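# Descriptive structure summary
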There are 4 protein chains.
Amino acid sequence: MSGVFGAYSTSGRTVLEEVYLGLYALQHRGQESAGISWVENGRIAAAKGLGLLHNAIDQQKLSGKSASSAIGHVRYVPTDPTQTQNILPIGANYARGPVAISHDGYITNLKELSKQLEQRGAIFHSSTDSEALLHLMAQKAHMQPLDALVDALRYLEGSCAAVVLLEDMLVAARDPWGFKPLVIGKADGTYYVASESCALDIVGAKLLRDVEPGEILVIDSKGPRSLRMAPDKHCNRCMHCSFEYVYTARPDSIIDGCSVYEARKKMGRLLAEKSPASDADIAAGMPDSGTIAAIGYAQRSEIPFEMAVVRNRYVGRTFIQPTQKVRELGVKIKLNPISDVFMDKKAVIIDDSIVRGTTAQRIISMIRNAGASEVHLRVASPPVLHPCKYGIDTRKEGTLAAVKMSIEELRKNIGADSLSYLSEEDLVEAIGLPEDQLCTACFTGKYLPENNS
Amino acid sequence: MSGVFGAYSTSGRTVLEEVYLGLYALQHRGQESAGISWVENGRIAAAKGLGLLHNAIDQQKLSGKSASSAIGHVRYVPTDPTQTQNILPIGANYARGPVAISHDGYITNLKELSKQLEQRGAIFHSSTDSEALLHLMAQKAHMQPLDALVDALRYLEGSCAAVVLLEDMLVAARDPWGFKPLVIGKADGTYYVASESCALDIVGAKLLRDVEPGEILVIDSKGPRSLRMAPDKHCNRCMHCSFEYVYTARPDSIIDGCSVYEARKKMGRLLAEKSPASDADIAAGMPDSGTIAAIGYAQRSEIPFEMAVVRNRYVGRTFIQPTQKVRELGVKIKLNPISDVFMDKKAVIIDDSIVRGTTAQRIISMIRNAGASEVHLRVASPPVLHPCKYGIDTRKEGTLAAVKMSIEELRKNIGADSLSYLSEEDLVEAIGLPEDQLCTACFTGKYLPENNS
Amino acid sequence: MSGVFGAYSTSGRTVLEEVYLGLYALQHRGQESAGISWVENGRIAAAKGLGLLHNAIDQQKLSGKSASSAIGHVRYVPTDPTQTQNILPIGANYARGPVAISHDGYITNLKELSKQLEQRGAIFHSSTDSEALLHLMAQKAHMQPLDALVDALRYLEGSCAAVVLLEDMLVAARDPWGFKPLVIGKADGTYYVASESCALDIVGAKLLRDVEPGEILVIDSKGPRSLRMAPDKHCNRCMHCSFEYVYTARPDSIIDGCSVYEARKKMGRLLAEKSPASDADIAAGMPDSGTIAAIGYAQRSEIPFEMAVVRNRYVGRTFIQPTQKVRELGVKIKLNPISDVFMDKKAVIIDDSIVRGTTAQRIISMIRNAGASEVHLRVASPPVLHPCKYGIDTRKEGTLAAVKMSIEELRKNIGADSLSYLSEEDLVEAIGLPEDQLCTACFTGKYLPENNS
Amino acid sequence: MSGVFGAYSTSGRTVLEEVYLGLYALQHRGQESAGISWVENGRIAAAKGLGLLHNAIDQQKLSGKSASSAIGHVRYVPTDPTQTQNILPIGANYARGPVAISHDGYITNLKELSKQLEQRGAIFHSSTDSEALLHLMAQKAHMQPLDALVDALRYLEGSCAAVVLLEDMLVAARDPWGFKPLVIGKADGTYYVASESCALDIVGAKLLRDVEPGEILVIDSKGPRSLRMAPDKHCNRCMHCSFEYVYTARPDSIIDGCSVYEARKKMGRLLAEKSPASDADIAAGMPDSGTIAAIGYAQRSEIPFEMAVVRNRYVGRTFIQPTQKVRELGVKIKLNPISDVFMDKKAVIIDDSIVRGTTAQRIISMIRNAGASEVHLRVASPPVLHPCKYGIDTRKEGTLAAVKMSIEELRKNIGADSLSYLSEEDLVEAIGLPEDQLCTACFTGKYLPENNS
C-alpha cells in the first residue's frame, strides 16, 4: 500500500513544498518511508528517508530547492521496512535522461520480469516494482523516454497507479482495471495527480476527475493529454478496490466519483437495518476506521452515538518498539474505553472489518472491564475470506479469522454478546458503484480471470 | 503546560518503560520536549530530547536500562523550544545525593527567587521553575533531602504539580490550591503519579485518588505516606483549573473526581438548551477539542451529528516548518471539511473555546467553500477575557478576540451566521465541582488574592 | 588516486577487521572516502562513508560482522568529494550473483564505454570507472562471473589495479603496463592483495610478490592461480609509475621489487652530488614527502640534517574548511619552521617535487622570516612538465610551474637563493628499475603510444 | 594534560576562528575532547564535542559566529573520555554575569574544595577542576567577577595554567610554581594566551613572553595588565615541568625561554657522549617523540641518522577500537620498521622515555624481525621512578618499568643488546634552566614540600 503524488507547474513555479504537503495528506497510506524526486540540472535529485514524512524528509532543506515538477511517495512496507534502497520514488539517469517513478500497486509478474531483465544485463538495486519499470525503459534506449514508458507499461500485470517524472513532463498511469485510485486536480497553472482527492484539498487544488482505468495521462508545458494503454490490455470491466471505501482511504476523499464518507455512513445505516441491536444504550465506533459507520448506525437506529473509545493520537506503528512490556499491554497503549461512558451500559460497537480478530477480542475485553453490561459487535463489511492479490497488505488466508471459524465461533472467540457482518450486496449498495466495477475479491474470491491478469 | 509522570516499584521491578508509556498518554500536554530521569549507581541518569517522545527518547536504549523508580516529563514551550538545557526533568547530584524534578505549573515568584539564590552562589543552567526548586534544596545541604524539599516547596508561589525523584523515594507535591491536576494510581506493587488518569490506564494501573491540594505524597519501599505543606500556606479555597475540562485534558481522564468526557458532553447539552440552532441540518465539532461537546449538543438538540471536518492526524506543530507556502495554506494543512457532508446544509459547529479567533475564521470560510449554506458557531466555554497567571500558554490580553471586540463584532469578523458562548454558570454546572473550588480566572478575572498567591 | 585492499581466508576466518586495518595503512593514498564490501547471505553488504577511514566506517559495527573474504578502498577525489554514490567499492547483485569492485587507476575510454553500455540498457548510478566494469559483467549474464570479469577487463584502456570480490573468490587484476602498484601477501591461510606492501605489514602478512602486469590473479578456497589478460592486450614494455617512488607511496613500501625508502634516499644522494649547496649549514626536508631525500642529501653532503620544519599532524585536507582566515594563514596552519634552528643559518631545503610552486614560495618566505640567511631549494625529481593521463591528480598543464616559467624565473618566483632539480637519468638510477619499465610521462611526455593505450 | 588558548581583540574583530586554529596547534596536548567558549548577548555560548578538534567542533558553524574574545581547550582524559559534561571550557552565567574557564593542571585539593562548596549549596555538573573554580567565584557574588576570580585562585593547590573569559576581559593565570607552561603573544591589536608558543605561530602572532609563575594577567580593551596571586602563596622556587621538554611539548615551542627542539637535540648529544654505541651502523628515533634526540645523537656520534621506523599518521588513540584483533597486532598498527634499512645492521634506537616498557619491547622485537643484527636502546631522559602529582597522566608507581626492575633486568625484558638512560644532570644541562627552577619529581621524587603545595 502506498500513496503517490505529483505536481507540474506550467508556469515554472516551484512545486516541491506542495508535493511535501500532498504527501502529508496521504500519510495514512504509508508510514514506513517517504521520498520526493525532481530534476536538477538534467539529473534526478531526491530527498528520502525512513519513517513518517517529517522524520524522513527535512522540510527546511527542501524549501531551499526549486523544481517546477516533482513526484512523491509514502510507503507501507509490511516486511523489513529498513531497506533504504527500497524507498520510492526510484530515480535514475539513463541513456535518455532522468526518470523517477512512484508506484502504488502490486505487479503480479514481477519475479518473471526481473529475471528476464537481469538476463539482458540489468542490475537491480532494490526489490521494488518501480525498478522493474525503470529497467524496462532503460533497455529501450533507442526510444524516446515517453515511448519507452508507454511500451514498458504493457509488460506489467496486476495493479498499478504510477506517477512518473521525466525531464520535461509528468506522466500518470492507471492499470486497465483501475484497482488503485488515482485522481487529477488543478490550481491556477499547476496540475496535480494523487492517490486520493484529500491530497488535492491540502494544496488548495480542485478535483478535475479520476485518471481512467487504462489511461496514461501526460502533463507537460502544454497541459495534460491522454494516451491509452495498448489495446490488447483492454478489459471489459473495472475492478475498483472496494476496500478503499471500507478502510484504506481517508473519509474526506472522493474515489471514482463516490464519497468515502457517505459510503461508510451508508454501510452503518444498512448494518443498522439488517443487524439491529435494539436494546443497546450507546453506539460507538472502533477508532478511527469504524467511527463514520458508527455515526450512520447510530443515526439509523436512534441509539446515542458516543466517542467512547479514545485513541492515543501520538502512538504509531513506527514509534513504539515491540518490547515485552509493549506486547503485554497490547492495544491498551493505543486505545482507552471511557469507563464513565460504558459503566452499566449495553453497547453496540461498529468496526470497519475483522481480519485476524485479535484486536477486536482485546478491545471487547477492555470495554467489559470498563463496565459495559453487554457488547454487541457490528462489522461494516462482509467477512474477509480471501487474500488480496493486488496490493492490500500481506494477510495470508490461514490467518483470516473468518476462514478459521464460523461466525458463531468467532463471536465466542472475541467475547461479543452478538456479532453481525454487512452483506456483500449492502456493501455494493453503500459504495454506490455498479457491482461489476468493484473488486470484492477479498470478500468473495472473485479475482480477475488468470488469462486477463 | 506540561505532563508529569512518576513510578515507584516497591518490589524492585524496573519501571522505565512504564514511565515512557505514561508519557505517551500525556503527550497532548506537551510536544516540544520529553525526558525521563532515574538513579544509576547513586547518580542521576537521564534520557532526554526535543520534539515528540519517540523522537526525543530512544525507547530501545531505555529498554536496556533498569531502575525501580523514575520520573518523566513532556513539555509545551511556547517560546524558544530548542533550548536543550530546559528539557525536564532537571537532575543533579548535590551534597546530599541525587535529585531530579518534573514540574507542571508556573512559579509566579521565580525571578525574585532566582536572584536571591544567585546572590547566595547558585549557578543557573536553565530558565526552568524546576531548577529554582533544585537550588533551594542544595542550599539546605545540612538537611536530609526530603526535609530540604519540603522546606523548599514553601518558597514557591503560583501553581505547582511536581514529581521529585530522590535516591530512595518518589515525592509528588501539589500546590495548596490544586491548580494543576495530579493523580495517584497503583498496579500490583508499583505506585504511579501522573498529571492525568489516562496515563494510569495505559500502564494498567488503577486510579486511587487525586493528590490533594497542599499534599506532599512520599512513596518509598514502605508505600505512600502523606505530608502537608506548611500551615502558613493553608488556603481556604481550591482553585482547580476549569480549562483542563474545557480543553487541556484528555476526554478519558478523571480530574478531581469529575469525568472530562461527561463535563464536555454536558457543556454541549447546556449550550444546546441556551443557544439552540433550531434550523441546523447537521452538528459538527471543531476537531479534536470540540467533538465531545458537539456530541452533547447534537444529542440534546436532535440535530444529526457528523464528523464533517477531518483532521490530519500526522500534522503537528513540531513537524511543519512555517514557510511562506505553509502560512498561505494555513489551517487547510490540518483540517479538511467534507464537501459531500456540508453541501447545501445549514451547519452548527461546536468549538471548545475561542482565543485569538483566527482559526475559527479560516475554518468557517473553508466550510462555506465546502458548500454550507449557513454556519452557526457555538462555543462550549465562556469568552476568554483574561490571561492565565498559572501556566496556561502565554496568550496576552491584547491578543484575545473577546477582549478586542464585542460578540457581534467577533461574529462578523469570523464570518459566522450566529455565535454564542456557554455561560459561566453553565460551565461550572457542566464540570460538576462547587464554584468556589474552580479557577475560572481566564473567563472571570477572579485571580487568587495577591497576598495569598 | 586510490588505495585498494582485499583479503581471502582459505580457512573461513573473518577478515573484515584486517581489511579495515589494511586501509589504515593505505590512508595516504586517499582521504576523501572509504569503503569495505563483503558477501552476506549471497548478497553484497558494505560499510562506507565520506572522509578518513575512522569517520567513514564504524569499526565497532564492522567487528560485529563476519566474512571470510572482503575488499576495501580509500579514495582521493579531487572534485566534488561529497557524492556518496561514488564511494568505492561499488557492489551489486546481478543475474549471476554478488560482485564488488575496487579500482585504482584511470580508464581512458570511460566515456565511450559508458555510452555504449547505456545504449544497451545500463543505468549508471555513479561516475566511477568501477561501475563500467560492473555493467560490462552484467551484460554478459550468460557467462560465469569470473569469465565475464576476464572478458570485461579486455575493454578497459588506461591504468587499472583492481580488486574484485565474487561470491566464492577474490580476483586481483593489474593492467598490462603495470602503471599502478599491486602486491600479494600471505599470513597463515589468508591471502591479501594491496596497493602497497606497507598494508601487508600492518596485518602481519609476508609480501609474496607483485601482481604482474597483465596478470589476473584468482584466489579461492584452493589458493591463488594466475590468468593472463587477452593476448591482444600484450605489451612489450612496462610502465611502472615513477611518481610512486617520488611522492605517492609510503617510504616503508616495496613496489615492483624496489624499496621506496632507498629510492628516495638515493634521489637525495644523487642530488647532493650533482647540485651541491656547499656553504649550507643545515639540510632539511619539506615535510613529510621531502624528508627521506633530505636525509640522503645530508649524508652525502655531510651537512647536518635537521627536522627544522614541523608539520601539524592533526591538520588534514578533510578537516579544515577553506574560510577567508584559513586562506590568509595558508600553509602556516600546516607547517612551522623552527626559528632557533634557522636563525642566521644558510639552509638547503629538499622537496620531493614542485607542481604549482605556491607552497614552496610560502614556505621559503616563512623560513626567511624564521631567520635563515640563505635558502637553497633542491627538488628530488625532474621538473613536472606534463599532465598525467593515468590517474595522478588532475593537475592541468597550464598550472604547472615548470611549464609556465624557466627554472631561473621559478627560482625568483619562489624566492630561493638557488634552485636545482634531479635529472631524469638520476631519477631512473635512484629507483633502480630499467628505464624502459618506468613511466616518466609527467616529466618527459613519453606517454603510451595511442594505438596501444 | 590539556592545551589552553585564549584571544582578545582590542579592536572588536572576531577571534573565533583563530581560537579554533590555535587549538589545532595544541592538539598534541589532548585528543579526547575540544571546546570553545565566547560571550553572546551577555551570556556564555560554546561549541564543544568529543574526539579530535575537527570532529568535536563544526568549523563552518563557528565561522558564522562572531566574538572579539574567546577561549578554547583540548583535553587528554585518561579515564572515561565520553563524559560530555567534562568537556572544557566550562561556562556559566552566574549572579555577576558570564564566565568560562579553561584549565591545564591538577588541583591537588579538589576533593576537599568540592565538598566544602557542596556544603554551601553548590551543585556540581562535572568532575573537572575548572568547575570548582567556577563555584568559588559564584559563592562570592558580592564581589566583581575579576575580584572573585583572584580570590578564588587563592584556594587552589597544585598546578594550574588557566584562561578565564569574563564579559569584558580575558584573564590568564599561572600557579606560583609555574608547573604548566603558559605564554602570551600579540598580532596587531589582538592578544593571545596559549599553553605553547607553537599556537601563537599558527595564527601569525609574535611571542611576547611567558606568563610568570604566580602572575594573573588581565587583558581588556586597554590591553594587558598584571596582578599577582596573594603573597601567602609566594614561593621561593619555580617548578617548571621538565617532562614538557622531554615529551609533552611540540619541538617548535619555546617554553620559559628555552627551545624544546634544542633541548631535545642536546639530550641526544649528551646521551651520545655518555652512552656511545660505537659499533652501530645506523641511528634512529622512536617516532615521533624520539626523533629530535636521535638527530642529536647521530650528529654527535657520527652514526648515520635514518627515519627507519615509519609511523602511521592516520592512526590515533581516538580512532581505533581496542578489539581483540587490534590488541593482537598491537604497536604494528602504528609503527613499521623498514626492513631494507635494518637488514643486517647494528642499530641504536633513541626513545624519549620509558614508562611501562611494553611498547619498547614490542618495537625492538619488530626491529629484530626486520633484520637488525643488534638493537641498542638509548633513553633521552632519566628513569621514571615516581608518579606525577601535578597532572601528567595517571601512571601509578607500580606500573613503572624502572621501579619494578633494575636497568639490566629491564634491558633483558625489552630484549635490547644494551640500554642506557640520560642522567639527571645531563637532563638539566640539556634544558638549560637552573636546576632549582625545574620540577624533576617524576625522575627524582623531589616534590614540592607538603606545607607549600
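The structure under discussion appears in the preceding block.
What this report covers is the structure whose coordinates are included nearby. (Residues numbered from 1 in each chain as written. Chains lettered and ligands numbered in written order. Predicted model: local features only at pLDDT ≥ 70, side-chain atom pairs only at ≥ 80, totals over all residues. Heavy atoms only, no water.)

### Structural notes on unusual backbone geometry
All names here are of chain B. Look at the link from Leu-88 to Pro-89: it is a cis peptide, with omega at -5°. With omega at -10°, the peptide bond leading from Pro-287 into Asp-288 counts as cis. Relative to the assigned elements, Asp-288 resides in the loop between β17 (282-285) and α10 (291-301). One non-glycine residue, Asp-188, lies in the positive phi region at around 50°. Tracing the chain through its elements places Asp-188 in the loop between β9 (183-187) and β10 (190-194). A relative accessible area of 74% places Asp-188 in the exposed class. (Helix = DSSP H or I, 4+ residues; strand = E, 2+ residues; numbered from the N terminus. Buried < 20%, exposed > 50% of the residue type's maximum accessible area, 1.4 Å probe, protein only.)

### Considering the relation of the copies chain A and chain B
Look at the two chain copies: a rotation about an axis and a shift along it is all it takes to match them. Rotating chain A by 180° and moving it 0.0 Å along the rotation axis overlays it on chain B with an RMSD of 0.1 Å. Taken together, the rotation and translation relating the two chain copies correspond to the operation of a two-fold axis. Within chain A, Arg-313 of chain A has its C-alpha nearest the rotation axis, a separation of 3.5 Å. Both copies present the same face, since 100% of the interface residues in chain A are matched by interface residues at the equivalent positions in chain B. (Least-squares fit on C-alpha atoms with pLDDT ≥ 70 in both. Contact = heavy atoms within 4.5 Å.)

### Some points on the interface of chain A and chain B
If you look at the interface, chain A gives 57 residues, while chain B gives 57 residues. Of the roughly 4700 Å² buried where chain A meets chain B, counting both sides, 59% is carbon and sulfur surface. Linking chain A with chain B are six salt bridges. In this structure, the salt-bridge partner of Asp-288 of chain A is Arg-313 of chain B, at a minimum N-O distance of 3.9 Å. The interface formed by chain A and chain B includes 22 residue pairs in polar contact (both at pLDDT 80 or more). Of all the secondary structure elements, the ones that give two or more residues to the side of chain A that touches chain B are α1 (16-25), α2 (53-56), α3 (59-63), α7 (198-202), α9 (260-274), α10 (291-301), α11 (324-329) and α12 (339-342) of chain A. Top contributing element to the side of chain A that touches chain B by residue count: α1 of chain A, with six residues. In the side of chain A that touches chain B, the residues fall into 27 nonpolar, 16 polar and 14 charged. (Buried area = accessible area lost by both parts, 1.4 Å probe. Salt bridge = Lys/Arg side-chain N within 4 Å of Asp/Glu carboxyl O. Polar contact = N/O pair within 3.5 Å; in protein donor to acceptor, adjacent residues only side chain to side chain. Nonpolar A, V, L, I, M, F, W, Y, C, P; charged D, E, K, R; others polar.)

### With respect to the environment of Cys-198 of chain D
Here Cys-198 of chain D is to be found in helix α7 (residues 198-202). Once the C-alpha coordinates of Cys-198 of chain D and Asp-252 of chain D are considered, the two residues, 54 residues apart in sequence, prove to be 6.0 Å apart.

### Some details on the interface of chain C and chain A
Taken together, the 16 residues of chain C in the interface contact 16 residues of chain A. Of the roughly 1400 Å² buried at the junction of chain C and chain A (both faces included), carbon and sulfur atoms supply 57%. At the boundary of chain C and chain A, one finds zero salt bridges. The interface formed by chain C and chain A includes zero residue pairs in polar contact (both at pLDDT 80 or more). The dominant element in the side of chain C that touches chain A, judged by the number of residues it contributes, is strand β5 (residues 90-94) of chain C, at four residues.

### Comments concerning the arrangement of the chains
There is a clear gap between chain B and chain C: no contact, and 16 Å between their nearest C-alpha atoms. One finds no contact linking chain A with chain D; the least C-alpha distance across the pair is 16 Å.

### Things to note about the pattern of salt bridges
Considering all chains together, one arrives at 96 salt bridges over all chains under this definition. Residues Glu-273 of chain A and Arg-300 of chain A are paired through a salt bridge, measuring 2.7 Å at the closest nitrogen-oxygen approach. Taken together, the residues span a long stretch of sequence, with Glu-273 of chain A in helix α9 and Arg-300 of chain A in helix α10 at a distance of 27 residues. Taking the relative accessible area as the measure of exposure, Glu-273 of chain A reaches 40% and is therefore partly exposed. Asp-288 of chain B is the salt-bridge partner of Arg-311 of chain B, the closest N and O atoms lying 3.5 Å from each other. Remark: Asp-288 of chain B occurs in the loop between β17 and α10 and Arg-311 of chain B occurs in strand β18 (residues 309-311); sequence separation between them is 23 residues. By relative accessible area, which is 26% here, Asp-288 of chain B ends up partly exposed. When salt bridges with common partners are traced through the structure, they connect Asp-288, Arg-311 and Arg-313 of chain A together with Asp-288, Arg-311 and Arg-313 of chain B into a single cluster.

### Describing the relation of the copies chain C and chain A
Take chain C, turn it by 180°, move it 0.0 Å along the axis, and it overlays chain A with an RMSD of 0.1 Å. Both copies contact each other with a shared surface, as 100% of the interface residues of chain C are interface residues in chain A too.

### Structural notes on helix α16 (residues 424-431) of chain B
Residues and elements named next belong to chain B. Along α16, six of the eight residues are buried, which leaves the element largely enclosed by surrounding structure. Among the residues of α16, Glu-424, Asp-426, Leu-427, Val-428, Ala-430 and Ile-431 are the ones counted as buried. Residues of α16 that are buried make contact with α8 (243-248), β16 (258-259), α9 (260-274), β23 (438-439) and α17 (441-444). Gly-432 lies just past α16 and shows a positive phi near 95°.

### Side note on the packing of aromatic side chains
Enumeration over the complete set of coordinates arrives at 30 aromatic pairs over all chains. Taking the centre distance of 6.0 Å and the plane angle of 45° together, the rings of Phe-243 of chain A and Tyr-247 of chain A count as tilted. With a gap of four residues between them, Phe-243 of chain A and Tyr-247 of chain A both fall in helix α8 (residues 243-248), about one helical turn apart. Geometrically, the ring pair formed by Trp-177 of chain C and Phe-179 of chain C is tilted, given 6.3 Å between the ring centres and 45° between the ring planes. Residue Trp-177 of chain C is classed as buried on the basis of its relative accessible area, which comes to 2%. Taken together, the ring pairs in this structure connect Trp-177, Phe-179, Tyr-390 and Tyr-447 of chain A into an aromatic cluster. When the ring centre of Tyr-447 of chain C is taken as reference, the NZ or CZ atom of Lys-389 of chain C above it lies at 4.3 Å. (Phe/Tyr/Trp six-rings, centres within 6.5 Å; stacked < 30°, edge-to-face > 60°. Lys NZ or Arg CZ within 6 Å of the ring centre and 35° of its normal.)

### Thoughts on the packing of helix α5 (residues 129-138) of chain B against helix α6 (residues 145-153) of chain B
When two helices pack together, their arrangement is given by the angle between the helix axes and by the axis-to-axis distance. All names here are of chain B. Between α5 and α6, whose axes approach to 8 Å, the crossing angle comes to 125°. What the angle tells us is that α5 and α6 run oblique. Viewed along their axes, α5 and α6 form a crossing whose handedness is right-handed. Here α5 contributes Leu-133, Leu-136 and Met-137 to the contact with α6, which in turn contributes Pro-145, Ala-148, Leu-149, Ala-152 and Leu-153. (Axes fitted to C-alpha atoms, helices over the stretch in contact; angles between N-to-C directions. Parallel < 35°, antiparallel > 145°, perpendicular 65-115°, else oblique. Left-handed = near helix turned anticlockwise from the far one by under 90°.)

### Things to note about the sheet that holds strand β6 (residues 97-104) of chain A
All names here are of chain A. The antiparallel open sheet is built from six strands, whose spatial order is β5-β6-β7-β8-β12-β13. With partners counted over all chains shown, the strands left at the sheet margins are β5 (90-94) and β13 (223-228), one partner each. Neighbour-to-neighbour, the strand axes of this sheet turn through a mean angle of 20°, independent of strand direction. Pairing between strand β8 (residues 169-174) and strand β12 (residues 215-220): four bridges, direction antiparallel. Looking at β12, one finds that Leu-170 is bridged to Ile-219. Across the sheet, helix α6 (residues 145-153) lies against β5, β7 (161-166), β8, β12 and β13, angled at about 10° from β8, the strand it touches most. (Pairing = 2+ DSSP bridges.)

Any functional reading would require information that these geometric values do not contain.
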